[in-house]
Amino acid sequence: MTLRTGPRTFGVEEELLLVDPATGVPQAVSGSVIRYAQRHDELFLTGGRRSKTLETELQREQLETATPVCTSLAEISEHVRSARLAAAQSAAGVGVSVAALATSPVAVRPSLTPSHRYQRMLVAYGPAMDDQLTCGCHVHVGIESPDEGVAVLDRIRPWLPPLLALSANSPFWQGTDTGYDSWRHQVWGRWPSSGPTELFGSAKAYRTTVEALLATGALLDEGMIYFDARLSRHYPTVEIRVPDVCLNADDAVLMAALVRALVDTAAEAWRDGDPPDPVRADLMRLAMWRAGRSGLRDELVHPSTRCAAPARQVIGALLDHLTPALDRSGDLDTVRRMLDAVLERGNGAQYQRAIYSRTRDVKSVVAAAVHHTITV
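Residues numbered from 1 in each chain as written. Predicted model: local features only at pLDDT ≥ 70, side-chain atom pairs only at ≥ 80, totals over all residues. Heavy atoms only, no water.

> With reference to specific residues and values, describe the overall build of the chain.
When its secondary structure is counted, the chain shows 13 helices and 13 strands. The C-alpha extent of the chain, read off along each of the three principal axes, is 55 × 45 × 45 Å. Counting only residues that meet the buried cut, the chain has 56% of its 376 residues in that class. For the chain, restricting intrachain contacts to residue pairs at least 6 apart in sequence, the fraction spanning at least 24 positions comes to 79%. (Helix = DSSP H or I, 4+ residues; strand = E, 2+ residues; numbered from the N terminus. Buried < 20%, exposed > 50% of the residue type's maximum accessible area, 1.4 Å probe, protein only. Contact = heavy atoms within 4.5 Å.)

This is the structure:
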């Protein structure tokens, strides 16, 4: 077993809404935005090298950004911000804006991105596709091997719900406040393979599970293995898919820092021979539901006791769990500051509700989010 000598690499993918700057209504123009970006390649240059990408997503009303592989929080911060700016500049080129919102506050009927795979999904899943205009934040962290990756997946499970509570940024759906901080989590849960998993135990068992799911015929392909955390199909990474896209760029950086520390902590526990917590997937599902429902406003399920506890106490337990790894990486002070900031001002859902409370207008919520996406 090779011992790591430097910080793990990591990267962030963010999904953003494309919206009309006047009405806040999502606009089905992702193809035009991508074509504009391709004609203006300088939007993607940092220090003379291409460092970001924009891609289409399931619906034409959204874009995906991706950072390059990074080794430090300073790099992640720079690239998250510059990727958002490149997306905003490309969107402006075709008359729209980008908003880091995990669901649209304004009512919309999304338009499927034209591709053979997405058309097959429409046939297979029917009306469930109509609701899938949601934007997440996915964090990739480098691993040494599939065995290490699966050991990490087994050991990070109880600590994933607090990430959703911190990042929750989707209270509105079709013009109405749902009462949830992350309605995206509820919508995403409609996919047949989404959510928490049982313990795998080994890379071989993980592979066997994936093959068994595919054999049912309920999934079109391996790309639809929508676990809360999974092994990447294309990179030597684990991919954590729990967070909503964060309104503030700083919160996306915080997600990256916490996830990398979770992976480091879990991998060290595996090397030391510490067994994973055997918490059942059904209890994990309840903890994730609670995080999506309450965010930081109410109690969460404590990762250690499985009992309801104040959100601040649960976030404090997460920080305690990760402190050795964060200290080793030099990220501890930054993460403490960022966590304190979120707990003080609230997550994206709380910000959206504050805007709506003042204006009684979901269009104003979108306008404020457009501003925050590239300036905060």
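> Outline the pairing of strand β1 (residues 10-19), listing residues and values.
When a strand is regular, its side chains alternate between the sheet's two faces. Here β1 lies mainly inside the structure; ten of its ten residues are buried. The alternating pattern of β1 places F10, V12, E14, L16 and L18 on one face and G11, E13, E15, L17 and V19 on the opposite face, and all of these are buried. Pairing of β1 with strand β7 (residues 137-142), which is carried by five bridges, proceeds in the antiparallel orientation. Bridge pairing in β7 places G11 opposite H140. Looking at chain direction, β1 and strand β6 (residues 97-99) are connected through three bridges and run antiparallel. Paired with V19 across the bridge in β6 is S97. (Pairing = 2+ DSSP bridges.)

> Tell me about the pattern of salt bridges, and please be specific about residues and values.
Evaluation of the coordinates by the stated rule reveals 22 salt bridges. Put simply, R8 and E148 hold a salt bridge, and the shortest N to O gap is 3.1 Å. Of the two residues, R8 is situated in the segment before β1 and E148 in helix α4 (residues 146-156); the sequence distance between them amounts to 140 residues. Considered together, R8 and E148 belong to a single accessibility category, that of buried residues. Ionic pairing is found between D361 and K363, a salt bridge with its closest N-O pair at 3.3 Å. You can call D361 partly exposed: its relative accessible area is 22%. If you follow the salt bridges from partner to partner, you end up with R8, E148, D264 and R271 in one network. (Salt bridge = Lys/Arg side-chain N within 4 Å of Asp/Glu carboxyl O.)

> For unusual backbone geometry, give the residues involved together with the corresponding values.
Phi is positive for R306, close to 70°, though the residue is something other than glycine. Residue placement: R306 occurs in the loop between β12 (299-301) and β13 (308-310). Residue classification places R306 among the partly exposed residues on the basis of a relative accessible area of 30%. Residue R360 is not a glycine yet carries a positive backbone phi of 55°. Mapped onto the fold, R360 is located in the loop between α12 (348-359) and α13 (362-375). What makes R360 exposed here is its relative accessible area of 57%.

> Which residues make up the packing of helix α2 (residues 73-92) against helix α8 (residues 249-271), and what values go with them?
The interhelical angle for the contact between α2 and α8, taken along N-to-C directions, is 140°, at an axis separation of 9 Å. Put simply, α2 runs oblique to α8. As for how α2 packs across α8, the hand of that crossing is right-handed. For the pair α2 and α8, the contacting residues are L73, I76, S77, V80, R81 and R84 in the first and A249, D250, A252, V253, A256 and A257 in the second. Taken together, the residues of the contact of α2 with α8 sort by class into eight nonpolar, one polar and three charged. (Axes fitted to C-alpha atoms, helices over the stretch in contact; angles between N-to-C directions. Parallel < 35°, antiparallel > 145°, perpendicular 65-115°, else oblique. Left-handed = near helix turned anticlockwise from the far one by under 90°. Nonpolar A, V, L, I, M, F, W, Y, C, P; charged D, E, K, R; others polar.)

> An account of helix α1 (residues 30-39) is needed here, citing residue identities and associated values.
An α-helix turns once every 3.6 residues. As a result, residues three or four positions apart point the same way. Taken together, the buried positions of α1 are occupied by S30, V33, I34, Y36 and A37. Buried residues of α1, viewed axially, fall in a sector of 160°; they line one side. Those residues of α1 that are exposed and angled more than 90 degrees off the buried face are Q38 and R39. Looking at the buried positions of α1, the neighbouring elements they touch are β1, β4 (53-56), β5 (62-66) and α2. (Arc of directions from axis to C-beta.)

> Any details on the packing of aromatic side chains? Residues and values, ideally.
Evaluated as defined, the whole model comprises ten aromatic pairs. Measuring from ring centre to ring centre gives 4.9 Å for F200 and Y206, while their planes differ by 70°; the resulting arrangement is edge-to-face. Assigned by exposure class, F200 and Y206 land together as buried. Connected via pairs of aromatic rings, a cluster forms that spans Y125, W188, W191 and Y226. Note that R260 overlies the ring of F10, its terminal NZ or CZ placed 3.9 Å from the centroid. In this arrangement the basic side chain of R293 is found over the ring face of Y180, its NZ or CZ atom lying 4.6 Å from the centre. (Phe/Tyr/Trp six-rings, centres within 6.5 Å; stacked < 30°, edge-to-face > 60°. Lys NZ or Arg CZ within 6 Å of the ring centre and 35° of its normal.)

> Residue-level account of helix α9 (residues 281-294), with values.
Between its first and last C-alpha, α9 extends 20 Å over 14 residues, near the 20 Å set by a 1.5 Å rise per residue. For α9, the full list of buried residues reads A281, M284, A287, M288, A291, G292 and S294. Considering only its buried residues, α9 is in contact with α5 (161-167), α6 (183-188) and β12. Remark: G295 follows α9 within two positions and exhibits a positive phi of approximately 55°. (Expected span 1.5 Å × (residues − 1).)

> A description of the nonpolar core should follow, citing residues and the corresponding values.
With 77 residues, the main nonpolar core has L163 and L258 as its most contacted residues. Among the elements that make up this core, the one with the highest residue count is α8 (14 residues). What L258 contacts, discounting residues up to four positions off in sequence, is L163, L166, L318, L322, V335 and L339. If you look at the next biggest cluster of nonpolar residues, it comprises 31 residues, including L16, V96, V106 and C135. (Core = buried A, V, L, I, M, F, W, Y, C linked by side-chain atoms within 4.5 Å.)

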